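These are the residues of each chain, in order.
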Amino acid sequence: MHDPIPTVTLPSGLDIPALGLGTWKMGETRGRALEEIDSLRLGLDLGMTLIDTAEMYGEGGAEKIVGKALEDRRDEVFLVSKVYPWNASYEKTIAACRASLARLGTDRLDLYLLHWRGEYPLDETVAAFEHLKKEGIIGAWGVSNFDVDDMEELFSVPNGENCAANQVLYNLGRRGIEYDLLPWCQQRGIPIMAYSPIEQGRLVHHPDLIRIAKTYQATPAQVALAFVLERDGVIAIPKSANLRRVRENRDAVDLDISDEDWAELDAAFPPPDEKLPLEML
Ligand code: NAP
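Here the structure is a predicted model, which means the values were calculated and not measured.

Rules and cut-offs
- Residues numbered from 1 in each chain as written.
- Predicted model: local features only at pLDDT ≥ 70, side-chain atom pairs only at ≥ 80, totals over all residues.
- Heavy atoms only, no water.
- Helix = DSSP H or I, 4+ residues; strand = E, 2+ residues; numbered from the N terminus.
- Rg over C-alpha atoms; globule rule 2.2 N^0.38 Å.
- Buried < 20%, exposed > 50% of the residue type's maximum accessible area, 1.4 Å probe, protein only.
- Areas by Shrake-Rupley, 256 points an atom, 1.4 Å probe, with all protein chains shown as cover.
- Lys, Arg positive; Asp, Glu negative; His and termini not counted.
- Charge placed at Lys NZ, Arg CZ, Asp CG, Glu CD.
- Pairing = 2+ DSSP bridges.
- Axes fitted to C-alpha atoms, helices over the stretch in contact; angles between N-to-C directions.
- Contact = heavy atoms within 4.5 Å.
- Near = heavy atom within 4 Å.
- Polar contact = N/O pair within 3.5 Å; in protein donor to acceptor, adjacent residues only side chain to side chain.
- UniProt positions renumbered as here; feature names shortened; annotations may be inferred.
- Salt bridge = Lys/Arg side-chain N within 4 Å of Asp/Glu carboxyl O.
- Parallel < 35°, antiparallel > 145°, perpendicular 65-115°, else oblique.
- Left-handed = near helix turned anticlockwise from the far one by under 90°.
- Nonpolar A, V, L, I, M, F, W, Y, C, P; charged D, E, K, R; others polar.

### Here we look at the overall build of the protein
- Scanning the protein from terminus to terminus reveals 10 helices and nine strands.
- In terms of overall size, the protein behaves like a compact globule, its C-alpha atoms giving a radius of gyration of 18 Å where 281 residues would be expected to give roughly 19 Å.
- Dimensions along the principal axes, computed over C-alpha positions, put the protein at roughly 55 × 45 × 30 Å.
- Of all 281 residues assigned to the protein, the portion counted as buried reaches 55%.
- Surface summary for the protein: the accessible area is close to 12300 Å², and the carbon and sulfur share equals 49%.
- The centroid of the 29 positive side-chain charges in the protein is displaced by 7 Å from the centroid of its 47 negative side-chain charges.

### Description of the sheet that holds strand E6 (residues 141–144)
- Strand order in the open sheet made by the seven strands is E3-E4-E5-E6-E7-E8-E9, with parallel pairing throughout. Both edges of this open sheet fall to strand E3 (50–52) and strand E9 (234–236), since each of them pairs with a single strand only. Put simply, the sheet's adjacent strands are angled 25° from each other on average, direction ignored.
- Its contacts with the sheet place helix H3 (residues 90–104) against strand E4 (78–83) and strand E5 (111–114), and it is angled at close to 135° to E4.
- Across the face of the sheet, helix H4 (residues 122–134) comes into contact with E4, E5 and E6 while running at roughly 170° to E5.

### Some details on the site of the ligand
- The full set close to the ligand counts 28 residues, and Asp 52, Lys 239, Ser 240, Ala 241 and Arg 245 are the nearest of them.
- Arg 245 is positioned such that a nitrogen or oxygen atom in its side chain is 2.6 Å from an oxygen atom of the ligand.
- Look at the ligand: alone it shows 900 Å² of surface, and the protein chains cover 89% of it.
- Of all the elements, helix H9 (residues 243–251) adds the most residues to the shell around the ligand, at three residues.

### Focus: the UniProt feature "site: Lowers pKa of active site Tyr" (unreviewed entry) in the protein
- Here the UniProt-annotated "site: Lowers pKa of active site Tyr" (unreviewed entry) positions come out as Lys 82.
- What Lys 82 contacts, discounting residues up to four positions off in sequence, is Asp 52, Thr 53, Ala 54, Glu 55, Tyr 57, Tyr 112, Leu 113, His 115 and Gln 167.

### Notes on the environment of Val 234
- When you line up the elements, Val 234 lands in strand E9.
- With sequence-adjacent residues up to four places away left out, Val 234 is seen in contact with Val 8, Ala 18, Tyr 170, Leu 182, Ile 192, Ala 194 and Val 228.

### Quick word on the pattern of salt bridges
- A complete count under the given rule lists 22 salt bridges for this structure.
- Measuring nitrogen to oxygen at the nearest pair gives 2.7 Å for the salt bridge that ties Glu 63 to Arg 103. One end of the pair, Glu 63, is in helix H2 (residues 61–69); the other, Arg 103, is in helix H3, and 40 residues separate them in sequence.
- Judged by its relative accessible area of 0%, Glu 63 falls in the buried class.
- One salt bridge in this structure joins Glu 153 and Arg 117, with 3.0 Å as the shortest N-O distance. Of the two residues, Glu 153 is situated in helix H5 (residues 148–156) and Arg 117 in the loop between E5 and H4; the sequence distance between them amounts to 36 residues.
- Taking relative accessible area as the criterion, Glu 153 reaches 39% and is therefore assigned partly exposed.

### Some words on the packing of helix H8 (residues 220–229) against H9
- Where H8 meets H9, the closest approach of the two axes is 8 Å, and the angle between their N-to-C directions is 45°. The angle between the axes of H8 and H9 places the two elements in the oblique class. At the point where H8 passes H9, the crossing takes the right-handed sense. Taken together, the residues of H9 that come into contact with H8 (itself represented by Ala 221, Gln 222 and Leu 225) are Glu 248, Asn 249 and Asp 251.
- In the contact of H8 with H9, the residues fall into two nonpolar, two polar and two charged.

Shown next, in the form of structure tokens:
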């Protein structure tokens with residue numbers, strides 16, 4: 001028996017899984033399509049019913065893969081996609097969203113994010129997001145790669161406070177947001193979606209992580225995911241196109257790490273003691 005996947009509550013009150021599925025690098029190579037679709041479907045079978053994608057990934061290729069994985073099971077999933085900053089004017093945001101929906105083979109997104117800040121004023125992008133929400137085309141909207149000053153600016157534009165999530169780089173080796181952005185979002189009930197939660201696979205080679213994982217008969221990736229899942233209001237979206245690693249990532253939920261080992265992880269991966277600029281991958 002596995003522990004159930006924990007949930008995180010959106011500002012709307014909707015509970016969504018704290019462990020989902022990333023899709024960056026999917027849809028880039030035709031020969032890998034079947035294993036990518038299978039791995040997403042396995043993730044759904046295992047309860048990781050949040051899928052994160054973007055018009056950027058594979059230049060639409062990842063959204064097409066997600067569309068195939070969801071053909072007969074759209075209703076099981078909390079579906080997230082993102083608009084390129086250079087598509088984030090009022091008109092272009094709406095057009096980009098419709099193009100994403102066509103590739104995904106669905107009529108709605110559950111969450112639509114501005115991928116990172118660009119040249120268009122935030123009030124214009126927010127107005128487009130609010131329009132899409134009113135039309136029922138998206139359930140909620142949010143941002144990605146926004147630091148505290150960006151969030152404050154966002155909150156100063158009309159309806160900016162309706163932001164439902166901020167997706168940022170967060171993992172054991174990238175703890176900068178714990179200093180200010182994470183508490184800022186927690187205080188306002190805005191979930192953080194932690195991207196690259198295993199540092200694109202690189203964390204699994206860290207000797208301290210390997211040592212601590214061994215004491216739990218777990219893998220370093222599972223400990224890295226357990227670290228993210230331990231935080232209130234944080235969602236981890238690991239990507240894997242490998243069935244064994246999808247199972248492994250799902251099983252991270254079962255890990256129960258002791259206070260002593262959390263302290264060891266803090267020593268190996270110290271939390272920030274000053275403001276660090278938000279990092280991006
Ligand atoms: P990640 O999830 O930290 O790592 C993915 C890499 O690690 C892949 O190469 C994967 O290979 C491998 N991997 C997965 N599970 C593993 C395991 N248990 N053991 C060892 N290796 C494992 O990195 P990410 O893909 O950059 O981030 C996750 C998702 O966040 C993305 O897919 C994307 O949806 C989102 N993201 C958003 C932004 C943004 O700007 N908003 C930026 C980056 C990422 P296999 O597929 O071969 O298993």
